[in-house]
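Topology and contacts: notes
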Amino acid sequence: MNFIKDREVISEKLSIGKELLYLTKPQCENIGITRQRILKLIEEVLIAHGKKEYEMPAKIGVHPLEEVFYHAMPAYLPSKKAVGVKWIECYPNNPKKFNLPQTTGLLVLNDILSGCPIAIMDSTWLTAMRTPAVTVLAAAALHSDAETFGMFGCGVQGIEHVRFIVKTLQKLKKIYIYDIVEDAMDNLIKIVQPEIDVEIIKGKSPRELAEKCEVMSSATIIIKDTLSVVKDEWISKGQTILPCDLNTFWDPDISKRADKYIVDSIEEHELFNNMGYFPDGLPNIDCETGEVIAGLQQGRTAKDQLIVCSNIGMSVCDVVVGREIFDIALENDIGTILPL
Ligand SMILES: NC(=O)c1ccc[n+]([C@@H]2O[C@H](COP(=O)([O-])OP(=O)(O)OC[C@H]3O[C@@H](n4cnc5c(N)ncnc54)[C@H](O)[C@@H]3O)[C@@H](O)[C@H]2O)c1
């Protein structure tokens, strides 16, 4: 890895150790990275993760109020010259209480050779991008011929999942969506339908999606209690379920009886289990998502397998997308250089 050359490039614009680059939310959003590029980056990250070419301790956190968490998510991915930490907050009641997003946060990037901080940026956009990228890459690896996709939760993540899924599931004919808030469904259709050719259909109930969709994802809320909105008896063999919200939304029996239970990070899932997020116990884990993407573990081996692939989010993805944002910003003089 040519870290010296990398440092020289950064030093042309930034006095490392004396300055850092600050990027706002709109600057990150408008940096010009396409979703296709995000998919490529995240695929590379997942392969590196599958091959264990990374350093990423499980998240540590603090919990000042009931049902909220702050997580510190550090990671180092040598192949992408990316090292840093995301400091993220999850407040499930923020939308209702304060008209603010559930998830907010910052990413700090560092110079690998000296350790000095080189950037601070809002992490909303990169989180909104890297999360669906993992889901849809996993969907393609586990169920590439699916014609129907169901999305539970039509907020920030739901919208991006629908945008992303058409990029990897090439045979999709219908996308069903469901949200407890009617306006959220209407809003998703208004924003995304003009951008994609696959028809988006407003589901009448969670059951309708569970019974009609081959592949499903959920991005609703993460709480310790299991909501069991989707009942085990609605789920059939041959389906693929990709939750972003642990098992809050799903009847825990679904994951328990699944033929395969795959997770993005075993360590992260064990950590959430220790915090009480799997009141019925963590299901037996078969392997990690990155191992399937890297071809080191088999994904679906029979059409009639029920597969659950739970991706709770990994900081290796964050630091790599953050590093891409940083590189483009620096090259194009975007952002504010601040003294340390
Ligand atoms: N796995 C990851 O890497 C990752 C990353 C970011 C966010 N998340 C999680 O994804 C979830 C969604 O995040 P977001 O930023 O899209 O939030 P958001 O508030 O923008 O959207 C959530 C949507 O879910 C809907 N919803 C809530 N409860 C529901 C229910 N019982 N049935 C149907 N719909 C319901 C809400 O009405 C809302 O429209 C959160 O739990 C968040 O913690 C996971």
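Quick summary incoming for the structure in this document. For clarity, every value in this text was computed on a predicted model and none was experimentally measured.

Details of the site of the ligand
- Contacts to the ligand come from 24 residues, most closely from Gln102, Arg130, Gln157, Asp179 and Asn311.
- Here a nitrogen atom of the ligand sits 3.0 Å away from a polar atom, N or O, in the main chain of cysteine 244.
- In this structure, asparagine 311 approaches the ligand through a main-chain N or O atom, which is 2.8 Å from a nitrogen atom.
- Within the complex, 87% of the 850 Å² of free accessible area of the ligand lies under protein.
- Secondary-structure elements contributing two or more residues to the shell around the ligand are α5 (124-142) and α6 (156-168).
- With 3 residues, α5 is the largest single contributor of residues to the shell around the ligand.

Quick look at the sheet that holds strand β5 (residues 103-110)
- Strand order in the open sheet made by the 7 strands is β2-β3-β4-β5-β6-β1-β15, with mixed pairing throughout. Because the sheet does not close on itself, it has two edges, and the strands there are β2 (60-62) and β15 (336-339). For this sheet, the mean inter-axis angle between neighbouring strands, taken without regard to orientation, is 20°.

Observations concerning the packing of aromatic side chains
- Tallied over the full model, the rule gives 9 aromatic pairs.
- Aromatic pair phenylalanine 69 and tyrosine 277: ring centres 6.4 Å apart, planes at 85°, arrangement edge-to-face. With phenylalanine 69 in strand β3 (residues 69-77) and tyrosine 277 in the loop between α10 (266-274) and β13 (287-288), the pair connects residues that are 208 residues apart, well separated along the chain.
- Residue classification places phenylalanine 69 among the buried positions, given a relative accessible area of 7%.
- Note on tyrosine 277: relative accessible area 3%, which makes it buried.
- Centre to centre, the rings of phenylalanine 152 and tryptophan 250 are 5.5 Å apart; their planes meet at 90°, and the pair counts as edge-to-face. Highlighted residues: phenylalanine 152 in strand β7 (residues 148-152) and tryptophan 250 in the loop between β11 (240-243) and α9 (252-257), separated in sequence by 98 residues. Across this residue pair, the class does not change: phenylalanine 152 and tryptophan 250 are buried.
- Each member of the aromatic cluster is reached from another via a ring pair, and the members are Phe152, Tyr178, Phe249 and Trp250.

Conventions used here
Residues numbered from 1 in each chain as written. Predicted model: local features only at pLDDT ≥ 70, side-chain atom pairs only at ≥ 80, totals over all residues. Heavy atoms only, no water. Near = heavy atom within 4 Å. Polar contact = N/O pair within 3.5 Å; in protein donor to acceptor, adjacent residues only side chain to side chain. Areas by Shrake-Rupley, 256 points an atom, 1.4 Å probe, with all protein chains shown as cover. Helix = DSSP H or I, 4+ residues; strand = E, 2+ residues; numbered from the N terminus. Pairing = 2+ DSSP bridges. Axes fitted to C-alpha atoms, helices over the stretch in contact; angles between N-to-C directions. Phe/Tyr/Trp six-rings, centres within 6.5 Å; stacked < 30°, edge-to-face > 60°. Buried < 20%, exposed > 50% of the residue type's maximum accessible area, 1.4 Å probe, protein only.

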